[in-house]
Amino acid sequence: MYLEIVMKVVGGLGLFLYGMDNMSSGMQKIAGKRLKKILTVLTTNRFLAVAVGMFVTMLVQSSSVSTVMAIGFVNASLLTLQQALGLILGANIGTTITGWILVLNIGKYGLPMAGAAAIFHMFSKSEKWKTRALTVMGLGLIFFGLELMSNGLKPIRSMPEFVSLFSLFNADSYFGALKAAIVGALITAIVQSSSATLGITITLAAQGLINYPTAVALVLGENVGTTITAFLASLSANSNAKRAAYAHSIINIVGVCWAISIFPYYLEFLDFLVNPTSNLTLGIATAHTMFNVINVILFTPFIGQLAKFLCKIVKDDGVDIEKKVTQLDKLMLKTPSVVIEQSRQEVLNMHTEIEDMLKILTDFFDTNKQRFLSEDKLKKLQVIEERMDLYQKEITDINYLVLTSEINDEMKDDTRKNIEICDEYETISDYGVRIGKVLNKFADSEIKLTENERIRLKVLNKGIVEIYELINQGYINKDKTKFVIANEKANEVLKEFRKGRDIHLQNVSKLGISVSQSIGYMDMLNYYRRLRDHMVNIIELYLLDK
């Protein structure tokens, strides 16, 4: 009998957790790019931040995901500490949706729901419908797992030794309520899922193994235990991210302290809202939600003061050894869709910097009076190129990790494109610097380009700039027509390159051009050819895309 109980409870818990994971990942995929757009509306308005935190957590079905995501955004400087605190407060309310899902109490329909969704998932060809089926399957497994746990625990009600064991955690006094809250916190910290411990609590209460006040006390403690995930995630983060993680713990610990200190009155307040004897699950879900709602109401006016307090107890980091150029962070991997969208923004930032590089070269060739590239201009080109190296490393490092996660085909395609384009941009910046070095070398050696050479290079430079702008427009709008036009322009640039090369080789001896000038000019022609080739690689990435 004991073995049967253990097998059913462990099996039910496993299915419950697996269902939660599937539903959470499915919801994240459905939310997709909306998550990044939702987060962009965050302002210094604390109430808006709370609302966004609540909505995002309801979407991803996990307060751990949204709080770790908030810490990752702080670590990447996408959010300020105060914005993150508002997001965390909202997440505490959003996570209570799990309890209301369990209120439905449709455990007997969980297995057929999961089975039907699994069959639909297997035979569906649409990635969108596969994701939806996965989400429904997760929901079905949650209910089925809860039903298994409930059936597995039924025999325990008639076993005196287990009844006496559970009686030790009876919230019939302040100390009893505190003890139950501590147990709830410890179990949640071990499982690292407040949804799982909430499901266990509801199952124990439904089987009569614990009473309603004890269930409420356990739920209060679970709010503290769930903060362990964010705390662990912040260990390798910067000082601001650590502050956000500590805030999550402080908010919930202080909240549990006030709730336990007035525990009998809190139960009376809950009785006024819902009768737990008629619907125990509804009563527990209400207790979970009201605690977090009241806690958020109490803390929201003091977000600024809490941020100042955290800044005092957690000192700022020292100077970073390696300065980051992107707002990407590994803690954001909990939400791959956000990483992909932010990576797109970082690729656009790379484009802007290379645009500045091309502008420096354009200014040189556009002047009627010939002047040479100064050391200052060359240094600017080199600074941009060094930043491109950092961009490329930071974007590819995190996007390769995204590819190892469970994402749909569209997201995989976007991730690969982000990686390949940032690689091409980094190489383009290398050739931009090489052109600058040749021009600077000409200045040092007092070598002047012939008028024909300057015009040819000006035409090539103008063509490269036009291709580059078309690629950017196509990338932003995912517009293939821009890439088609860019490809036609690339063919024209190739013709100009060949024309410039052939004319130079024909006239090099006639015009008495020095070897140094000839080699430098041919190098620049070849560098522009390379710029064109790497831009064509980006064009083909989209034109060959089915």
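Each value, and the rule that gives it
Residues numbered from 1 in each chain as written. Predicted model: local features only at pLDDT ≥ 70, side-chain atom pairs only at ≥ 80, totals over all residues. Heavy atoms only, no water. Helix = DSSP H or I, 4+ residues; strand = E, 2+ residues; numbered from the N terminus. Buried < 20%, exposed > 50% of the residue type's maximum accessible area, 1.4 Å probe, protein only. Contact = heavy atoms within 4.5 Å. Areas by Shrake-Rupley, 256 points an atom, 1.4 Å probe, with all protein chains shown as cover. Salt bridge = Lys/Arg side-chain N within 4 Å of Asp/Glu carboxyl O. Patch = residues over 30% accessible without salt bridge, like charges linked within 9 Å, V, L, I, M, F, W, Y side chains within 5 Å. pLDDT = per-residue confidence, 0-100. Axes fitted to C-alpha atoms, helices over the stretch in contact; angles between N-to-C directions. Left-handed = near helix turned anticlockwise from the far one by under 90°. Nonpolar A, V, L, I, M, F, W, Y, C, P; charged D, E, K, R; others polar. Expected span 1.5 Å × (residues − 1). Core = buried A, V, L, I, M, F, W, Y, C linked by side-chain atoms within 4.5 Å. Phe/Tyr/Trp six-rings, centres within 6.5 Å; stacked < 30°, edge-to-face > 60°. Lys NZ or Arg CZ within 6 Å of the ring centre and 35° of its normal.

Engineer: Hey, could you go over the overall build of the chain for me, with residue numbers and the actual values?
Structural biologist: The number of helices and strands found in the chain is 23 helices and zero strands. Within the chain, buried positions represent 53% of all 546 residues. Once local pairs closer than 6 in sequence are excluded, the contacts in the chain between residues at least 24 apart make up 82%. For the chain, the accessible area works out to roughly 25100 Å², and carbon and sulfur atoms hold 60% of it.

Engineer: Now, about the pattern of salt bridges: what can you tell me, with residues and values included?
Structural biologist: Within this structure, the stated rule accounts for twelve salt bridges. The partner of Glu 496 in a salt bridge is Arg 456, with the nearest N and O atoms 3.1 Å apart. Of this pair, Glu 496 sits in helix 22 (residues 480–507) while Arg 456 is found in helix 21 (residues 451–477), placing the two residues 40 residues apart along the sequence. According to the relative accessible area criterion, Glu 496 is partly exposed, its value standing at 24%. On the accessibility criterion, Arg 456 (14% relative accessible area) is buried.

Engineer: Tell me about a nonpolar patch on the surface, and please be specific about residues and values.
Structural biologist: A cluster of nonpolar side chains, namely Leu 17, Ile 187, Ile 190 and Val 191, defines an oily patch on the protein surface of about 330 Å² accessible area. Mapped onto the elements of the fold, Val 191 is located in helix 10 (residues 174–191). For Val 191, a relative accessible area of 31% gives the class partly exposed.

Engineer: An account of the environment of Asn 472 is requested, with residue identities and associated values reported.
Structural biologist: By the element assignment, Asn 472 lies in helix 21. Remark: the alpha-carbon pair of Asn 472 and Leu 348, spanning 124 residues in sequence, is separated by 7.7 Å. Setting aside residues up to four positions removed in sequence, Asn 472 forms contacts with Leu 348 and His 351.

Engineer: So what about the confidence of the model for the chain? Which residues, and what values?
Structural biologist: Considering every residue of the chain, the mean pLDDT works out to 82; 88% of them sit at 70 or more. Highest mean pLDDT in the chain belongs to helix 19 (residues 375–403) (91); lowest belongs to helix 9 (residues 160–167) (58).

Engineer: Outline the packing of helix 5 (residues 81–94) against helix 17 (residues 303–313), supporting the account with residue identities and numerical values.
Structural biologist: Two numbers describe a pair of packed helices, the interaxial angle and the distance between the axes. Remark: helix 5 packs on helix 17, axes separated minimally by 10 Å, with the N-to-C direction vectors making an angle of 120°. Judged by the sense of rotation from one axis to the other, the crossing of helix 5 with helix 17 is right-handed. Side by side, helix 5 and helix 17 meet where Leu 81, Gln 82, Leu 85, Gly 86 and Leu 89 of the first sit next to Ile 303, Gly 304, Leu 306, Ala 307, Leu 310 and Cys 311 of the second. Class assignment of the residues belonging to the contact of helix 5 with helix 17 gives a composition of eight nonpolar, three polar and no charged.

Engineer: Go over helix 11 (residues 194–206) with me, naming the residues and quoting the values.
Structural biologist: In a regular helix each residue adds 1.5 Å, so 13 residues correspond to 18 Å; helix 11 covers 18 Å between its end C-alpha atoms and thus fits that length. In terms of burial, helix 11 is a largely internal element, eleven of the 13 residues being buried. Looking one or two residues past helix 11, Gly 208 carries a phi angle of roughly 75°, positive in sign.

Engineer: Account for the nonpolar core, with residues named and values stated.
Structural biologist: Residues Tyr 425, Ile 471 and Tyr 528 are the most contacted members of the largest nonpolar core, which totals 96 residues. In contact with Tyr 425, other than residues within four places in its own chain, are Val 347, Met 350, His 351, Ile 354, Tyr 468, Ile 471 and Ile 538. With 38 residues, the next largest nonpolar core counts Leu 209, Ile 260, Tyr 266 and Ile 284 among its residues.

Engineer: Account for the environment of Gln 192, with residues named and values stated.
Structural biologist: Residue placement: Gln 192 occurs in the loop between helix 10 and helix 11. Since its relative accessible area comes to 36%, Gln 192 is described here as partly exposed. Among residues more than four places away in sequence, those in contact with Gln 192 are Ser 64, Ile 228, Thr 229 and Leu 232.

Engineer: Hey, could you go over the packing of aromatic side chains for me, with residue numbers and the actual values?
Structural biologist: Inspection of every chain in the model, using the stated rule, returns seven aromatic pairs. An angle of 55° between the planes, with centres 5.5 Å apart, marks the rings of Tyr 425 and Tyr 468 as tilted. Residue Tyr 425 is located in helix 20 (residues 409–445), and its partner Tyr 468 is located in helix 21; the two are separated by 43 residues in the primary sequence. Residue classification places Tyr 425 among the buried positions, given a relative accessible area of 1%. Overall, Tyr 468 belongs to the buried group, its relative accessible area being 1%. Lying across the ring of Trp 129, Arg 132 places its NZ or CZ 4.6 Å from the centre. Above the ring of Tyr 431, the side-chain terminus of Arg 434 is found at 4.7 Å from the ring centroid.

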